[in-house]
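# Structure assessment
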Number of protein chains: 2
Amino acid sequence: MMKFSPRLEQLIQSFQLMPGVGPKSAQRLAFHILERHRDEGIRLASALEQAITHIGLCNNCRNFAEEEICLLCSDTKRGIAKQICIVESPADLLAIESGGHYFGRYFILHGLLSPLDGIEPEDIGLPELEQRLAEEGYQELILATSPTIEGDVTANFIIEIAKRYQVHVSRIAHGVPVGGELEYVDGMTLALSFEGRRTISDSKKS
Amino acid sequence: MMKFSPRLEQLIQSFQLMPGVGPKSAQRLAFHILERHRDEGIRLASALEQAITHIGLCNNCRNFAEEEICLLCSDTKRGIAKQICIVESPADLLAIESGGHYFGRYFILHGLLSPLDGIEPEDIGLPELEQRLAEEGYQELILATSPTIEGDVTANFIIEIAKRYQVHVSRIAHGVPVGGELEYVDGMTLALSFEGRRTISDSKKS
């Protein structure tokens, strides 16, 4: 088996650090760039450097931001609703934003509480969240963490914090997705969809 | 729909320049790196820069190399067989090397002749190939270009060059792969497998 030159080997190895990139794809990417796409490779290298050096977390909501305060937090219209939605990751925020139905603020945990893995409240920004609750007078805090063990532990911890402030706490509904076929939905989701069922007509009242 | 900050947008765009990376995967890669894998991102950026800056083509065989002459061309054992195999790309060379049955030299075209696309003999290193044939006294030149129109045009051009030197020219066999099911093999490959059929027993001679 042939060996690659050291820098080619290094490039293939580095591509393999990316999620979903195996040895074959890594080699294909490296060859693709060296063969005829060196400009694109240089652009990617500089975009990586720029992003990693200049993108931090918004002081307010902990979303990715190049300034102290992110675009969303600087948007005064978003403050009118007096709502704050707690999500696990920037990708979750993006999913909610692409829905286009929520117009309040966010707070991003970048993880979930997991004492066994050493992830404590300060690692997911809970002191900052408490500070925001104390200072900004929200009317509603919406939990959008996933319904897993860690998600529930985190949600309960946040509920305890929220009790110290006059804020209504809610949690997004989990259940069968629209258009989803019941037979393919997992048991956990089905259980939550039954637990969260709503009364359509109440015979006792009629 | 939410906008990304400029550098995050730039990073997502740059990932999309890579083959097989769509908008969703590009976003996932960018978030993955910024979320908890910044060190890996920096490693990839520097590996890209190092590779693109320092990897050129071997003066001899045109394979990727960091020195004037690649590892394979510096290996004197590879010269004993006096064979030179012509391949289209470094990936093709790698495929042959991983087979472990060929011990001669290589010459990499980095493309195929295509006058309509403006790809001329000098773009695929044919003057350099002629120089090697003139200077190195090969006994056999093995064509491993693909059996497409461009591959055939290129092969014929190389055959013409080879006629000026005392070198036996051969072409690798194309046909049904070992373990391949006949019904799934394309017509072109089947046609080549019939054309390249070998006599097992010859009734006229018996």
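Note: the structure precedes this text.
Residues numbered from 1 in each chain as written. Chains lettered and ligands numbered in written order. Predicted model: local features only at pLDDT ≥ 70, side-chain atom pairs only at ≥ 80, totals over all residues. Heavy atoms only, no water.

## Examining the environment of K24 of chain A
Residues and elements named next belong to chain A. Looking at the secondary structure, you find K24 in helix 2 (residues 23-36). A relative accessible area of 65% means that K24 is categorised as exposed. For the pair K24 and E49, spaced 25 residues apart in sequence, the C-alpha separation works out to 25 Å. (Helix = DSSP H or I, 4+ residues; strand = E, 2+ residues; numbered from the N terminus. Buried < 20%, exposed > 50% of the residue type's maximum accessible area, 1.4 Å probe, protein only.)

## What to know about the sheet that holds strand 4 (residues 105-108) of chain A
Residues and elements named next belong to chain A. What the four strands build is an open sheet, ordered 4-3-5-6; its pairing is parallel. Pairing within the sheet leaves two strands with one partner each, and these edge strands are strand 4 and strand 6 (168-171). For this sheet the average axis-to-axis angle between neighbouring strands, irrespective of direction, equals 25°. Across four bridges, the pairing between strand 3 (residues 83-87) and strand 5 (residues 140-143) is parallel. Note on strand 5: the bridge partner recorded for I84 is L141. Contacts between helix 5 (residues 90-99) and the sheet are confined to strand 3 and strand 4, with strand 4 contributing the most and set at about 155° to the helix. (Pairing = 2+ DSSP bridges. Axes fitted to C-alpha atoms, helices over the stretch in contact; angles between N-to-C directions. Contact = heavy atoms within 4.5 Å.)

## Here's the deal with helix 5 (residues 90-99) of chain B
If you check which residues of helix 5 of chain B are buried, you get P90, L93, L94 and E97 of chain B. Seen along its axis, helix 5 of chain B keeps its buried residues to an arc of 100°; they face one direction. The elements touched by buried residues of helix 5 of chain B are helix 2 of chain A together with strand 2 (64-65), helix 4 (71-74), strand 3 (83-87) and strand 4 (105-108) of chain B. Looking at the residues trailing helix 5 of chain B, positive phi occurs at G100 of chain B, about 75°. (Arc of directions from axis to C-beta.)

## A short note on the packing of helix 5 of chain A against helix 2 (residues 23-36) of chain B
Close contact between helix 5 of chain A and helix 2 of chain B brings their axes to 10 Å; oriented N to C, the two are set at 140°. The pairing of helix 5 of chain A with helix 2 of chain B is recorded here as oblique in orientation. Contact residues: helix 5 of chain A offers P90, A91 and L94 of chain A, while helix 2 of chain B offers Q27, F31 and E35 of chain B. Per-class residue counts for the contact of helix 5 of chain A with helix 2 of chain B are four nonpolar, one polar and one charged. (Parallel < 35°, antiparallel > 145°, perpendicular 65-115°, else oblique. Nonpolar A, V, L, I, M, F, W, Y, C, P; charged D, E, K, R; others polar.)

## What about the nonpolar core?
A general trend in soluble globular proteins is that nonpolar side chains are found buried together. Core analysis: the biggest nonpolar cluster contains 44 residues, and L8, F15 and L48 of chain A together with L8, F15 and L48 of chain B have the highest contact counts within it. Contributions of two or more residues to this core are made by helix 1 (6-16), helix 2 and helix 3 (38-54) of chain A together with helix 1 (6-16), helix 2 and helix 3 (38-54) of chain B. With residues up to four places along the chain from it excluded, the contact list for L8 of chain B reads I55, F64 and E66 of chain A together with A30, F31 and L34 of chain B. (Core = buried A, V, L, I, M, F, W, Y, C linked by side-chain atoms within 4.5 Å.)

## So, the interface of chain B and chain A
At the interface, 55 residues of chain B touch 55 residues of chain A. Our enumeration of links across chain B and chain A arrives at two salt bridges. Sorting elements by how many residues they give to the side of chain B that touches chain A places helix 3 of chain B first, with 14 residues. (Salt bridge = Lys/Arg side-chain N within 4 Å of Asp/Glu carboxyl O.)

## Structural notes on the relation of the copies chain B and chain A
When chain B is brought onto chain A, the operation consists of a screw motion whose angular component is 180° and whose axial shift is 0.0 Å, with 0.1 Å RMSD remaining. Classification of the inter-copy transformation places it as that of a two-fold axis. Closest approach to the rotation axis within chain B is made by the C-alpha atom of A45 of chain B, at a distance of 2.0 Å. Comparing interface residues between copies, 100% of those in chain B also sit at the interface in chain A, which points to an isologous, same-surface contact. (Least-squares fit on C-alpha atoms with pLDDT ≥ 70 in both.)

## Topic: the packing of helix 6 (residues 126-136) of chain B against helix 7 (residues 149-163) of chain B
All names here are of chain B. Closest axis-to-axis distance for the helix 6/helix 7 pair is 10 Å, and the angle between their directions is 35°. Relative to helix 7, helix 6 is oriented so that their crossing is right-handed. On helix 7, the residues that touch L126, L129, E130 and L133 of helix 6 are F157, I158, I161 and A162. Of the residues that constitute the contact of helix 6 with helix 7, the class distribution is seven nonpolar, no polar and one charged. (Left-handed = near helix turned anticlockwise from the far one by under 90°.)

## Considering the packing of aromatic side chains
Within this structure, the stated rule accounts for six aromatic pairs over all chains. Ring centres of F31 of chain A and F64 of chain B lie 5.7 Å apart, and the angle between their planes is 55°; this geometry places the pair in the tilted category. Within this pair, whereas F31 of chain A is found in helix 2, its partner F64 of chain B is found in strand 2, the two belonging to separate chains. When sorted by exposure, F31 of chain A lands in the same class as F64 of chain B, which is buried. A connected cluster of aromatic rings, assembled from ring pairs, spans F4 and F31 of chain A together with F64 of chain B. (Phe/Tyr/Trp six-rings, centres within 6.5 Å; stacked < 30°, edge-to-face > 60°.)

So yeah, pure geometry; function would need other evidence.
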